[in-house]
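What follows is the residue order along each chain.
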Amino acid sequence: MHYFKDRKQAGELLVERIKKYNPKYTKPTVIALDEGGVLAGVEIAKGLHAPMYMLTTEDVDLPGENTSVGIASSEGNFIYNSVYSSGQLDELKGDYRQIIDQEQFKAFQKLNRIIGKDGLIKKSLLKKHEIILVSDGLKDPMKLEVAADFLKPIDAEKLIIATPIATVDVVDKMHLLADEVYCLGVIESYFLVDHYYQNNNLPDHKTAVKMVKNIVFSWQSDPKNITQKA
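Rules of the game
- Residues numbered from 1 in each chain as written.
- Predicted model: local features only at pLDDT ≥ 70, side-chain atom pairs only at ≥ 80, totals over all residues.
- Heavy atoms only, no water.
- Helix = DSSP H or I, 4+ residues; strand = E, 2+ residues; numbered from the N terminus.
- Buried < 20%, exposed > 50% of the residue type's maximum accessible area, 1.4 Å probe, protein only.
- Contact = heavy atoms within 4.5 Å.
- Areas by Shrake-Rupley, 256 points an atom, 1.4 Å probe, with all protein chains shown as cover.
- Axes fitted to C-alpha atoms, helices over the stretch in contact; angles between N-to-C directions.
- Parallel < 35°, antiparallel > 145°, perpendicular 65-115°, else oblique.
- Left-handed = near helix turned anticlockwise from the far one by under 90°.
- Nonpolar A, V, L, I, M, F, W, Y, C, P; charged D, E, K, R; others polar.
- Pairing = 2+ DSSP bridges.
- Expected span 1.5 Å × (residues − 1).
- Bend = angle between axes of the 7 residues up to and from the residue.
- Phe/Tyr/Trp six-rings, centres within 6.5 Å; stacked < 30°, edge-to-face > 60°.
- Lys NZ or Arg CZ within 6 Å of the ring centre and 35° of its normal.
- Salt bridge = Lys/Arg side-chain N within 4 Å of Asp/Glu carboxyl O.

Colleague: Talk me through the overall build of the protein chain; I want residue IDs and the actual numbers.
Modeller: Regarding its fold elements, the protein chain presents eight helices and eight strands. Taken over 230 residues, the protein chain has a buried fraction of 48%. Put simply, of all contacts in the protein chain between residues at least 6 apart along the chain, 67% involve residues at least 24 apart. Of the roughly 12,100 Å² of accessible surface on the protein chain, 50% is carried by carbon and sulfur atoms.

Structural data, given as structure tokens:
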């Protein structure tokens, strides 16, 4: 399936598939990689009774380059874009070292302004959890790579990636990074992510953070969950 009514529907379909193939997670934790991923991730978190966080990112661009040179995260880590070869990166660093450093600094400043104190993920709470990274669509692997870099020092039980749509190259990368992959549609040519959704109303960052913080209350108060407990 390549087209969806909205991110909520995509999340519902993803959690159905996750439950079908692996219903026995003991400590699942959802990490959304973007605002659209929050809308899909909320459904996954509700379905698995999981807490949820958000890893906000910002591309770092260079003048004259059509592709971002790298990506910074709200947790303070930065990775270079793997689309560049090591030789190409060495050349870019040699020519644009000062600009790259300046753009990284600007990216981290912007992320700090956006997330404030509520955006930080406590690494200690992720230990021995099954981490589920969620996006509403992946054209390239940079968001996954910066998330994997952030998770490196964490002793996670398992890494799972869930997304409604992704390109062939990204799916290949997902299989290298993750223990489990859930993707509803693999595509050759990727349009803007909004192309794949009928409803493209996205929350602003403040609303997305509020949704993430309230997720446990959300699934605890769901009538279906109350009925199941009874």
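Colleague: Can you tell me about the packing of helix 1 (residues 7-21) against helix 2 (residues 35-48), naming the residues and giving the values?
Modeller: Interaxial distance between helix 1 and helix 2 falls to 8 Å at its minimum, and their mutual angle equals 40 degrees. Viewed along their axes, helix 1 and helix 2 adopt a mutual orientation that is oblique. Note that helix 1 runs across helix 2; the crossing there is right-handed. Along the contact surface, helix 1 presents Arg7, Lys8, Gly11, Glu12, Leu14, Val15, Ile18 and Lys19, while helix 2 presents Gly36, Leu39, Ala40, Glu43, Ile44, Gly47 and Leu48. Of the residues assigned to the contact of helix 1 with helix 2, the class counts are seven nonpolar, three polar and five charged.

Colleague: Residues and numbers for the sheet that holds strand 6 (residues 130-134), please.
Modeller: If you walk across this open sheet you meet the five strands as 2-1-6-7-8, and the pairing is parallel. Strands at the two margins of the open sheet, each flanked by one partner only, are strand 2 (52-54) and strand 8 (180-187). If you compare each strand with its neighbour and ignore which way they point, the axes differ by 20 degrees on average. Here seven bridges tie strand 7 (residues 158-167) to strand 8, and the two strands are oriented parallel to one another. Following the sheet pairing, Thr163 is matched in strand 8 by Cys183. Across the sheet, helix 2 touches strand 1 (28-32), strand 2, strand 6 and strand 7, and the angle it forms with strand 2 is around 165 degrees.

Colleague: An account of the pairing of strand 4 (residues 70-73) is needed here, citing residue identities and associated values.
Modeller: Of the two faces of strand 4, the one carrying Gly70 and Ala72 and the one carrying Ile71 and Ser73 are both buried. For strand 3 (residues 57-60) and strand 4, the ladder comprises four bridges, and the chain directions are antiparallel. Following the sheet pairing, Val60 is matched in strand 4 by Gly70. Pairing analysis gives three bridges linking strand 4 to strand 5 (residues 78-80), with the strands arranged antiparallel. Bridge pairing in strand 5 links Ala72 to Phe78.

Colleague: Explain helix 2 to me, and be specific about the residues and the numbers.
Modeller: The end-to-end C-alpha distance of helix 2 is 20 Å, a good match for the 20 Å that 14 residues give at a rise of 1.5 Å each. The principal kink in helix 2, of about 30 degrees, is found at Gly41. Counting buried positions over the 14 residues of helix 2 gives eleven, a clear majority of the element. Turning to helix 2, its buried residues number three or more, namely Gly36, Gly37, Val38, Leu39, Ala40, Gly41, Val42, Glu43, Ile44, Ala45 and Leu48. Residue His49 follows helix 2 closely and has a positive phi angle near 55 degrees.

Colleague: An account of the packing of aromatic side chains is requested, with residue identities and associated values reported.
Modeller: Counting across every chain of the model gives four aromatic pairs. Taking the centre distance of 5.6 Å and the plane angle of 50 degrees together, the rings of Tyr190 and Tyr196 count as tilted. Under the relative-accessibility criterion, Tyr196 is labelled buried at 3%. An aromatic cluster of at least three residues, connected via ring pairs, comprises Tyr3, Tyr190 and Tyr196. Against the face of Tyr197 rests Arg7, its NZ or CZ located 4.0 Å from the ring centre. Cation over ring: Lys93 sits above Tyr80, and NZ or CZ is 4.4 Å from the ring centre.

Colleague: Any chance you could break down the sheet that holds strand 5 for me, citing the residues and the numbers?
Modeller: By definition, the strands of a sheet pair up through backbone hydrogen bonds, in either a parallel or an antiparallel sense. Spatially, the three strands line up as an open sheet ordered 3-4-5, and their pairing is antiparallel. Every interior strand has two partners, whereas the edge strands, strand 3 and strand 5, have only one. Here the strands of the sheet are splayed against their neighbours by 20 degrees on average, with no regard to which way each runs.

Colleague: Provide a residue-level description of the pattern of salt bridges, including the pertinent values.
Modeller: This model, assessed by the stated rule, comprises eleven salt bridges. We note a salt bridge from Arg97 to Asp101, for which the minimum N-O separation is 4.0 Å. Here Arg97 and its partner Asp101 are both found in helix 3 (residues 86-115), four residues apart, which amounts to about one turn of the helix. Its relative accessible area of 39% is what places Asp101 among the partly exposed residues. With a shortest N-O distance of 3.3 Å, Glu145 and Lys173 are connected by a salt bridge. Of the two residues, Glu145 sits in helix 4 (residues 142-151) while Lys173 sits in helix 5 (residues 168-177), which places them 28 residues apart along the sequence. Residue class for Glu145 comes out buried when judged on its relative accessible area of 10%.

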